[in-house]
Amino acid sequence: MNVRIASLAALALLGSGCRLAPRSEVPPLPELPDAFAAGTARESSEADPGTETWWSGFGEPRLEAVIAEALEHNHDLAAATARLDQARAQARIAGADLSPLVTLNGNASKAKTVFVGLPIPGQGSVLTNRVTNYGVQLDVSWEADIWGRLGSLEAAALADYAASTATAEGARQSVAAQTAKAWFAWVAASEQARLAKLTVESLERSLDLLSGRRGDGLVASSDVQRAAAALAQARGALAAREGTRERSARQLQVLLGRYPDGGGLEGGARLPDAGPLPAPGVPATLLERRPDLVAARARLVAADERLDAARAALLPRLTLNGSIGRSATKAPDLTNPDLTAWSLVGGLLQPIFGGGRLAAGADLADAVLREAAESYAQSLLLACGEVESLLAIEDTLARQLDSFEAAAEAARRVSDLSNERYLAGRLDL
């Protein structure tokens, strides 16, 4: 019997092998340079860009507190965690197909049969029969994974789980980054609103002084009107700043999983010092450090395994089915070994004609693999482009910051000098 099954399998393989189309060549990844082009001029830093809690580098306890709250209560992150659990369960399901399926069936039945037209002699009643039956049966079914189809499906599911794990980590990092950005925006908006309020208060004092001096005939009415116009503009700017602060507060609350009522955030926070910039590293490190690239690579592996499974589906399948059980008219008789019955069946299934369904499935899997490879290459280029762009504008941002700080210092000096000259009676407002 074993020789016969093996011979049938060999004949089926010879008949189906010609239908296996060759695999497409997976395009290679783009060649990466040894260093980022825009980062070669920057001095190295000891900062580690790969830390899981990069936000702790700011040394701001309030920022760490809001990010910790977001990581615990953010609904998008909770959904990503649920998708990870789904992928884990799918991997377990795929792996279970490699093991035998064992089921235990138990039954009890009672039936009455009426033999119409067969009366009992001498009694005139109809002949009947009552039957009671009890049974218990153990069934086993198993597919021998001779071509690796089931193993490939399991490997694909495990790769999907790896992709989901990386995606969940990416979601965690994204929520932390969005929360930090929203917190920075809220702090900046709060500070801008505070400065706008101080400007309004200063202009109100100036208008009061000018109005008083106008009454004494020391200033023209046009000066008073210009001061009033400046005050009105400052009040409008204050209202705009306060609106920005309210919107920033609500955006931050949504990330924290709170109801966006605009309240409950601690005031008085200041923007922390950014500290030293992290070392740019080399392009190749992005393959391991960026969760989106790790997920893209795992999806490529999953597509490759599914192509193997689709190609193996064109080959014969060997299945084994067995059962053993007992049947009796009385329940206690189920313990009698003489009533045991069993069966063992081996089957060989070779697809012959299905309208090209299986071949099309292999072509589909092949196209999915090529798409995953191209998507992985494109994701890598986009990631390198993001890093190169950020490194390229570092010098521009640094010069902008220096200019802003110089302008602020000059404005403070002008304000101090004007106040001194005004108090000394050498300058009118």
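Up top you'll find the structure we're talking about.
Treat the numbers as computed from the prediction; the structure is a model and nothing was measured. (Residues numbered from 1 in each chain as written. Predicted model: local features only at pLDDT ≥ 70, side-chain atom pairs only at ≥ 80, totals over all residues. Heavy atoms only, no water.)

*Asks:* Would you mind going over the nonpolar core with me for this structure?
*Replies:* Nonpolar side chains in soluble globular proteins generally cluster together in the buried interior. In this structure, Ile67, Trp183 and Trp186 are the most contacted members of the largest nonpolar core, which totals 21 residues. Mapped onto this core, the elements with two or more residues apiece are α2 (61-73), α3 (75-96), α4 (149-215) and α5 (221-255). At eight residues, the largest contribution of residues to this core is made by α4. Setting aside anything within four residues of it in sequence, one finds Ile67 in contact with Trp55, Ala176, Thr179 and Ala180. Phe36, Ala310, Ala365 and Leu380 belong to the second-largest nonpolar core, a separate cluster that totals 20 residues. (Core = buried A, V, L, I, M, F, W, Y, C linked by side-chain atoms within 4.5 Å. Buried < 20%, exposed > 50% of the residue type's maximum accessible area, 1.4 Å probe, protein only. Helix = DSSP H or I, 4+ residues; strand = E, 2+ residues; numbered from the N terminus. Contact = heavy atoms within 4.5 Å.)

*Asks:* I would appreciate a short explanation of the side chain of Asn74 in the present structure.
*Replies:* In this fold, Asn74 is placed in the loop between α2 and α3. Among the polar contacts listed, one links the side chain of Asn74 to the backbone nitrogen of Asp76, at a separation of 3.0 Å. Residues in contact with Asn74, not counting those within four places in the same chain, are Glu69, Val175, Val254 and Leu255. (Polar contact = N/O pair within 3.5 Å; in protein donor to acceptor, adjacent residues only side chain to side chain.)

*Asks:* I keep staring at a nonpolar patch on the surface and nothing clicks. Help me out?
*Replies:* Taken together, the side chains of Val102, Leu104, Val136, Leu138, Val140, Ile324, Trp342 and Leu344 present a nonpolar region at the surface, about 780 Å² in accessible area. Of all the secondary-structure elements, those providing two or more residues to the nonpolar patch are β1 (101-119), β2 (126-144) and β4 (340-349). Here the nonpolar patch takes three residues from β2, the largest share from any one element. (Patch = residues over 30% accessible without salt bridge, like charges linked within 9 Å, V, L, I, M, F, W, Y side chains within 5 Å. Areas by Shrake-Rupley, 256 points an atom, 1.4 Å probe, with all protein chains shown as cover. Salt bridge = Lys/Arg side-chain N within 4 Å of Asp/Glu carboxyl O.)

*Asks:* Help me understand the environment of Ala171, please; the structure alone is not making it clear to me.
*Replies:* Relative to the assigned elements, Ala171 resides in helix α4. In this structure, the C-alpha to C-alpha distance between Ala171 and Pro291, residues 120 residues apart in sequence, is 8.8 Å. Residues contacting Ala171, with those up to four places away along its chain left out, are Leu77 and Ala80.

*Asks:* Looking at this structure, I do not really get the pattern of salt bridges. What am I missing?
*Replies:* When their charged atoms lie close together, side chains carrying opposite charge are able to pair. According to the stated counting rule, one finds 16 salt bridges in the structure shown. Close ionic contact of Arg194 with Glu191 constitutes a salt bridge, the shortest N to O distance being 2.4 Å. Taken together, the residues Arg194 and Glu191, both in helix α4 and three residues apart, mark about one turn of the helix. Given a relative accessible area of 37%, Arg194 falls into the partly exposed group. Given the relative accessible area of 22%, Glu191 is considered partly exposed. Put simply, Glu409 and Arg413 hold a salt bridge, and the shortest N to O gap is 3.3 Å. Remark: Arg413 and Glu409 occur in helix α8 (residues 357-423); sequence separation between them is four residues, near one turn of the helix. Three or more residues joined by partner-sharing salt bridges are found here, namely Glu191, Arg194 and Arg270.

*Asks:* How do you make sense of the packing of aromatic side chains when you look at a structure like this?
*Replies:* The geometry of an aromatic ring pair is captured by two quantities: the separation of the ring centres and the angle between the planes. Under the defined criterion, the tally for this structure stands at three aromatic pairs. Ring centres of Trp54 and Trp55 lie 5.2 Å apart, and the angle between their planes is 85 degrees; on these two criteria the pair is classed as edge-to-face. On the basis of relative accessibility, which here comes to 7%, the residue Trp55 falls in the buried class. Ring plane angle 70 degrees and centroid distance 5.4 Å describe the contact between Phe58 and Phe184, whose orientation is recorded as edge-to-face. A residue pair is termed long-range when its members are at least 10 positions apart, and Phe58 in the loop between α1 (2-16) and α2 and Phe184 in helix α4 qualify at 126 residues. When its relative accessible area of 23% is taken as the criterion, Phe58 is described as partly exposed. (Phe/Tyr/Trp six-rings, centres within 6.5 Å; stacked < 30°, edge-to-face > 60°.)

*Asks:* What am I meant to see in α3 here?
*Replies:* Since the α-helix advances by 3.6 residues per turn, residues separated by three or four positions end up pointing in the same direction. Here α3 is 22 residues long and its end C-alpha atoms lie 32 Å apart, about the 32 Å a rise of 1.5 Å per residue gives. Of the residues making up α3, those classed as buried are Leu77, Ala80, Leu84, Ala87, Ala91, Ala94 and Gly95. Considered in projection along α3, the buried side chains sweep an arc of 100 degrees and stay on one side of the axis. Turned more than 90 degrees from where α3 packs its buried face, His75, Gln86, Arg92 and Ile93 sit exposed. Residue Asn74 occupies the N-cap position of α3, its side-chain oxygen lying 3.0 Å from the main-chain nitrogen of Asp76. (Expected span 1.5 Å × (residues − 1). Arc of directions from axis to C-beta.)

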